[in-house]
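Fold and geometry: a report
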Amino acid sequence: MAPPPDFETLTIADIARLAEGDRLPPVERWHPTHCGDSEMRIARDGTWYHQGSPIGRQAMVRAFSRILRREPDGGYVLVTPAEKLDIAVEDAPFVAVEMKAEGEGRDATLAFRLNTGDLVTASADHPLRFVEHDDGPHPYLLVRGGLEALVTRAVYYDLAERALAGDDEPPGIWSAGSFFPLIA
């Protein structure tokens, strides 16, 4: 698997083309018998663990992330045509670690790089939502199939700055023609 391209050098059009060309396994069509627990967990900061130890190889994390599925009951599993194993997720299975913006206001398009190297553009198909917690707002980006990315605090500050610079009421974020209010 080739390393992901340098996010800094990509345009929004490059990101859209790469995301469109990234074919994922059809995990939604695989329904094997449940085999047990994977003994894996994804921490809130996006670190993947197996039997309590961090998985250090990014290529392994990326490979596992591609067979991750959200179940109708809200749980998470790693699934192949032959196996289905539970995996614990502390918050969201992905973390949006970097953002690129082109345009302003209603003409803006925002793309995100995830901790797994995946690229996602916020849109009607990949909405941003903001959830208020005791420690402040937590922004999430829908990645695919009910799987979300928690947006890092630094990226959230960039989003909040964009929202407050606009004249929308309530304040919010525009991307790819869709509006996402900061307050639910």
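1. Describing helix α3 (residues 153-165)
- Taking 1.5 Å per residue as the helical rise, α3 with its 13 residues ought to reach 18 Å, and the 18 Å between its terminal C-alpha atoms agrees with that figure.
- Taken as a whole, α3 has its buried residues at V155, Y156, L159, A160 and A163. Here the buried residues of α3 occupy an arc of 140° about the axis, which is enough to place them on one side. Along α3, exposed side chains directed more than 90 degrees from the buried face belong to A154, Y157, E161, L164 and A165.
- Looking at the buried side of α3, the elements it contacts are β7 (94-102), β8 (109-114), β10 (128-133), β11 (136-144), β12 (147-151) and β13 (172-175).

2. Details of a negative patch on the surface
- A surface patch of like charges, here negative, comprises D37, E39, D73 and D86.
- Here D86 shows up in strand β6 (residues 84-89).
- For D86, a relative accessible area of 31% corresponds to the partly exposed category.

3. Some words on the side chain of T116
- Topologically, T116 is positioned in the loop between β8 and β9 (119-121).
- Judged by its relative accessible area of 2%, T116 is buried.
- A distance of 2.5 Å separates a polar atom in the side chain of T116 from a polar atom in the side chain of D118.
- Those residues in contact with T116, other than ones at most four positions away along the chain, are Q58, V61, R62, S65 and F94.

4. Points about the environment of T33
- Of note, T33 is situated in the loop between α1 (12-21) and β1 (34-42).
- Sequence separation of T33 and E83 is 50 residues, and the distance between their C-alpha atoms is 6.5 Å.

5. Focus on the pattern of salt bridges
- For the structure shown, the criterion picks out eight salt bridges.
- A salt bridge links D118 to R62, with the shortest nitrogen-to-oxygen separation between them at 3.0 Å. With D118 in the loop between β8 and β9 and R62 in helix α2 (residues 58-65), this residue pair connects regions lying 56 residues apart in the sequence. As far as burial versus exposure is concerned, D118 and R62 are alike and both buried.
- Of the charged contacts, one joins R66 and D118 as a salt bridge, the two residues approaching to 3.9 Å between their closest N and O atoms. Remark: D118 occurs in the loop between β8 and β9 and R66 occurs in the loop between α2 and β4 (68-70); sequence separation between them is 52 residues. Across this residue pair, the class does not change: R66 and D118 are buried.
- The network of salt bridges with shared partners includes R62, R66 and D118.

Procedures and definitions
- Residues numbered from 1 in each chain as written.
- Predicted model: local features only at pLDDT ≥ 70, side-chain atom pairs only at ≥ 80, totals over all residues.
- Heavy atoms only, no water.
- Helix = DSSP H or I, 4+ residues; strand = E, 2+ residues; numbered from the N terminus.
- Expected span 1.5 Å × (residues − 1).
- Buried < 20%, exposed > 50% of the residue type's maximum accessible area, 1.4 Å probe, protein only.
- Arc of directions from axis to C-beta.
- Contact = heavy atoms within 4.5 Å.
- Patch = residues over 30% accessible without salt bridge, like charges linked within 9 Å, V, L, I, M, F, W, Y side chains within 5 Å.
- Areas by Shrake-Rupley, 256 points an atom, 1.4 Å probe, with all protein chains shown as cover.
- Salt bridge = Lys/Arg side-chain N within 4 Å of Asp/Glu carboxyl O.
- Lys, Arg positive; Asp, Glu negative; His and termini not counted.
- Charge placed at Lys NZ, Arg CZ, Asp CG, Glu CD.
- Polar contact = N/O pair within 3.5 Å; in protein donor to acceptor, adjacent residues only side chain to side chain.

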